[in-house]
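Fold and geometry: a report
Chain by chain, the residues run as shown.
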Amino acid sequence: GFHIGTAVAGGGHHENQPYPDPFTSDRKYRQVLAAEFGSVSPENQMKWEYIHPERGRYNFGTADAIVRFAQQNRQVVRGHTLMWHSQNPEWLEQGQFTAAELRQILREHITTVVGRYRGRIQQWDVANEIFTDSGALRTTENIWIRELGPGIVADAFRWAHQADPRAKLFFNDYNVEGVNAKSDAYYALIKDLRAAGVPVHGFSAQGHLSLDYGFPDDLERNLKRFAGLGLETALTEVDVRMTLPASGVPTEAQLRQQADYYQRMLVACLNVSSCRSFTIWGFVDKYSWVPVFFQGQGAATVMWDDFTRKPAYYVLRSTL
Ligand code: XIL
């Protein structure tokens, strides 16, 4: 029941993606994806801007293909994501909708997307990144919370649960690996929602770490406190980026430290019985989001561009 997963690169990158869609065009990529992983997460293809590009029109092509691929290779799927402040289509963000219309739009989207993959998604990131680092709800950036108030979060979980009663429904965020203001905010919110009978089943930390910052030593303790609420836990987007030397090639010391960070994340998850899903956010450096998003940083995954294995890969294998 323990799954090692990866994000699936393939279409939907909204920022100057420097390569063609790997999932559909790179044979070697698909082979490694099938051989090495027990869980897959669409990196972009179930996000609003990709799967629901116009009002009333859905684009299920690549998402369907990923779910089919997973079934063929006996992999489970993590759905990502239903309610987020980022990567929403323009028609939604710029549309002048009334509150009643927006509520209906969200309900219809969740019912349609979750319903389409009913029985085939193990975990859904229902709400993604709804708090700021200081532990405040993103009341200005998140269209749903801004226009409909915080109660919409509970409704999203209820609608998702109706559409697929077997899927485990998660809150997911970054910078919540350790115990801090942001993870405290999730702890308080989820406790309230569970007390009110809202179908929340999981809490996950993304795990985007950087060698420029220390390792969150209280990761295990943090996962355990969420487990104490009766929740599943997971690490969903693990990668370990670094500031690259001028050569663009990481040093031996960086590679060792990177392997150590990966290992400590996996160990924390293995030490928490409710943590049964450990997903890396891409497995090969050339398709990683990191260099696109973090200037001067990279080499964040476990394989070199030719799919040979980095120290982090071997350390994860030997830890399992
Ligand atoms: C990233 C993808 O990896 C990129 O391809 C895309 O351009 C932007 O989003 N937190 C999340 C993920 O929950 O959805 C993000 O994925 C990375 C940060």
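Residues numbered from 1 in each chain as written. Predicted model: local features only at pLDDT ≥ 70, side-chain atom pairs only at ≥ 80, totals over all residues. Heavy atoms only, no water.

1. So, the pattern of salt bridges
Two side chains carrying opposite charge are able to pair once their charged atoms lie near each other. Condition: The salt bridge definition used is simple: a Lys or Arg side-chain nitrogen within 4 Å of an Asp or Glu carboxyl oxygen. Only protein chains enter the accessibility calculation, which uses a 1.4 Å probe. A residue is then buried if its area is under 20% of the maximum for its type, exposed if over 50%, and partly exposed in between.
With the rule as written, the count across this model stands at 18 salt bridges. A salt bridge links Glu147 to Arg146; its shortest N-O distance comes to 2.8 Å. Since its relative accessible area comes to 38%, Glu147 is described here as partly exposed. The salt bridge partner of Asp173 is Lys182, with a shortest N-O separation of 3.1 Å. Like Asp173, the residue Lys182 is buried in the burial classification. What you see here is one network of salt bridges that share partners, running through Glu36, Arg309 and Arg317.

2. Quick look at the state of the cysteines
For clarity, the cut-off: Two cysteine sulfurs form what is called a disulfide whenever their separation falls within 2.5 Å.
All told, the structure shown has 1 disulfide when counted by the stated rule. Paired through a disulfide, Cys269 and Cys275 show a sulfur-sulfur distance of 2.0 Å. Across the S-S bond linking Cys269 and Cys275, the dihedral sits near -95 degrees, which makes this disulfide left-handed. In this structure Cys269 comes out as buried when scored by relative accessible area, which is 0%.

3. A closer look at unusual backbone geometry
We apply this condition: Strands are runs of DSSP state E lasting at least two residues, helices are runs of H or I lasting at least four, and both sets are numbered from the N terminus onward.
Of the consecutive residues His80 and Thr81, the connecting peptide bond is found in the cis state with omega at 0 degrees. With respect to the helices and strands, the residue Thr81 is situated in strand S3 (residues 76–83). Within the chain, Ala299 stands out as a residue other than glycine whose phi angle is a positive 55 degrees. Structurally, Ala299 can be placed in the loop between strand S10 (297–298) and helix H13 (311–319). For Ala299, a relative accessible area of 11% gives the class buried. Its identity as a non-glycine residue notwithstanding, Phe307 has a phi of 70 degrees, on the positive side. Of note, Phe307 is situated in the loop between S10 and H13. Taking the relative accessible area as the measure of exposure, Phe307 reaches 10% and is therefore buried.

So, to be careful, I would describe these as geometric facts and stop short of saying anything about function.
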